[in-house]
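Survey of secondary and tertiary structure
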Amino acid sequence: MSTEELLKIEPSVLTFQFELNKQASCSIRLSNNTQKRVAFKVMTTNPKKYWVQFNVGIISPRSTKDITVTMQSQKKAPPSMQCKDKFLIQSIVPSSGATVEDFRSLFNKEGHPIQKCKLEVVYNIVPQVPSSIPDGSTRARKLLDVKPSKLHFPFELNKELSCSFQLSNVTENRVAFKVKTTNTIKYCVIPSKGFVLPRSTCDITVKMQAQNEFPPDVKCSDKFLIQSIVANAAATTNDIPADMFNKCEECKLRVEYVFWPHPPSTMTSEEGSSWNVSNVEARNSSNPKVVPGHDRIVNNGRDVILGLIIIGLFGIVIWCIMKMAMPLIGYSSFVLYLYSLQHFITRIMSY
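The paragraphs below set out a description of the structure included in this document. Bear in mind that the values here come from a model prediction, so they are computed numbers and not experimental data. (Residues numbered from 1 in each chain as written. Predicted model: local features only at pLDDT ≥ 70, side-chain atom pairs only at ≥ 80, totals over all residues. Heavy atoms only, no water.)

1. Some points on a positive patch on the surface
A cluster of like positive charges, contributed by Lys84, Lys86, Lys116 and Lys118, occupies part of the molecular surface. Mapped onto the secondary structure, lysine 118 falls in strand 9 (residues 115-124). Classification of lysine 118 by relative accessible area gives exposed; the value is 69%. (Patch = residues over 30% accessible without salt bridge, like charges linked within 9 Å, V, L, I, M, F, W, Y side chains within 5 Å. Areas by Shrake-Rupley, 256 points an atom, 1.4 Å probe, with all protein chains shown as cover. Salt bridge = Lys/Arg side-chain N within 4 Å of Asp/Glu carboxyl O. Lys, Arg positive; Asp, Glu negative; His and termini not counted. Charge placed at Lys NZ, Arg CZ, Asp CG, Glu CD. Helix = DSSP H or I, 4+ residues; strand = E, 2+ residues; numbered from the N terminus. Buried < 20%, exposed > 50% of the residue type's maximum accessible area, 1.4 Å probe, protein only.)

Printed below as a string of structure tokens:
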């Protein structure tokens, strides 16, 4: 351009250190590189959000002026932390006798050569870097401690089941997390994403929909993935984008089903107190995947076989006694003897 640049403006972009519910400010330096007085005016696309100190003024030849721009405290962060606000700085050479009041109307008159400079607004969110490890190791420090390492569901047909796990923030930073699963239709996670404050915990509940049939081989291939990353203090749950966890810490959890043989029965002791009688722990230690009703079927089969054996032996004994006793004691005495023997065996069997 042939016209001389009146003002040198630094910086070219207005950068604010963004924090929720807190004012932020930055400064603009205007440098007059000419031998003339230069009048300036600062304008913005969002006057309710910003306050400009010395928005109109005059700069002497070969001198500078610093202008402070203050952003009001914000209750929520903008989408994707992108700001569309802009500033416009106008400059003009006034007449020798012009005053500040004259400058305000000077920029509204046509025919005067006015130079313009646009500045964009950028929010700077400095990520909080995890504290260094005392032993000097360069390995990344663990953000979240996840317990337990496996998700156990006490499996029952046609019944909604749930279990929980806990996220413990072992750092001095605010950590964002996201829970994903390989079977989104089967499970519901509450909450599926959020933040864990420094040195605090967060409980996650996982609900499994009611199942109509047993899984093949009584095994579950479902998995859960917990992603975590250090978050800034101004971010909210709505500001967690999908690409935020592209480079993050991950922890995988497997799903296991626990099968109960039967509900614990209740027995009353001599003192009158109730006790829950169950052999669940003994059964699970030897064979944790026991299908309900399996023991009852096996026991019934054993009882049938044992009864057949006893009946067969009893028939053989009776046949031998009849063969030896009939010629000696007569028919009537033999019948009476059989009746007594039958009564005796019946009483023995009842015990």
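Let's pick the thread back up.
2. So, the pairing of strand 12 (residues 161-169)
Relative to strand 12, strand 10 (residues 144-147) runs antiparallel, the two being bridged by four bridges. Paired with lysine 147 across the strands is glutamine 166, a residue of strand 12. Taken together, the eight bridges between strand 12 and strand 16 (residues 201-208) define a ladder with antiparallel strand orientation. Counterpart to leucine 161 in the pairing with strand 16 is methionine 208. (Pairing = 2+ DSSP bridges.)

3. Thoughts on the packing of aromatic side chains
Taken as a whole and assessed by the stated rule, the structure comprises seven aromatic pairs. Where tyrosine 50 meets phenylalanine 87, the ring centres are 5.1 Å apart and the plane angle is 75°; that geometry is what we call edge-to-face. Residue tyrosine 50 is located in strand 5 (residues 50-52), and its partner phenylalanine 87 is located in strand 8 (residues 86-92); the two are separated by 37 residues in the primary sequence. Residue classification places phenylalanine 87 among the buried positions, given a relative accessible area of 1%. Where tyrosine 187 meets phenylalanine 224, the ring centres are 5.1 Å apart and the plane angle is 75°; that geometry is what we call edge-to-face. Here the residue tyrosine 187 occupies a position in strand 14 (residues 187-190), and phenylalanine 224 occupies one in strand 17 (residues 223-230), the gap between them amounting to 37 residues. Residues tyrosine 187 and phenylalanine 224 agree in their burial class; the two are buried. Of the aromatic side chains, those joined through ring pairs into one cluster are Phe16, Tyr50 and Phe87. (Phe/Tyr/Trp six-rings, centres within 6.5 Å; stacked < 30°, edge-to-face > 60°.)

4. So, the nonpolar core
Buried together is how nonpolar side chains tend to be arranged in soluble globular proteins. Residues Phe153 and Phe165 are the most contacted members of the largest nonpolar core, which totals 28 residues. Elements with a contribution of two residues or more to this core: strand 10, strand 11 (150-155), strand 12, strand 13 (175-181), strand 14, strand 16, strand 17 and strand 18 (249-259). If we skip the residues at most four places from it in the chain, phenylalanine 153 touches Leu161, Ser162, Cys163, Tyr187, Val206, Met208, Val255, Glu256, Tyr257 and Val258. In terms of nonpolar packing, the next biggest core, distinct from the first, is built from 26 residues, Leu30, Val38, Ile59 and Tyr123 among them. (Core = buried A, V, L, I, M, F, W, Y, C linked by side-chain atoms within 4.5 Å. Contact = heavy atoms within 4.5 Å.)

5. Structural notes on the sheet that holds strand 7 (residues 64-71)
In space, the four strands of this open sheet follow the order 1-3-7-5, with antiparallel pairing throughout. Edge strands, defined here as strands with exactly one partner in the open sheet, are strand 1 (7-10) and strand 5. Averaged over neighbouring strand pairs, the angle between their axes works out to 20° when direction is ignored. Inspection of the sheet shows strand 3 (residues 24-32) paired to strand 7 by eight bridges, in the antiparallel sense. If you follow cysteine 26 over to strand 7, its bridge partner there is valine 69. (Axes fitted to C-alpha atoms, helices over the stretch in contact; angles between N-to-C directions.)

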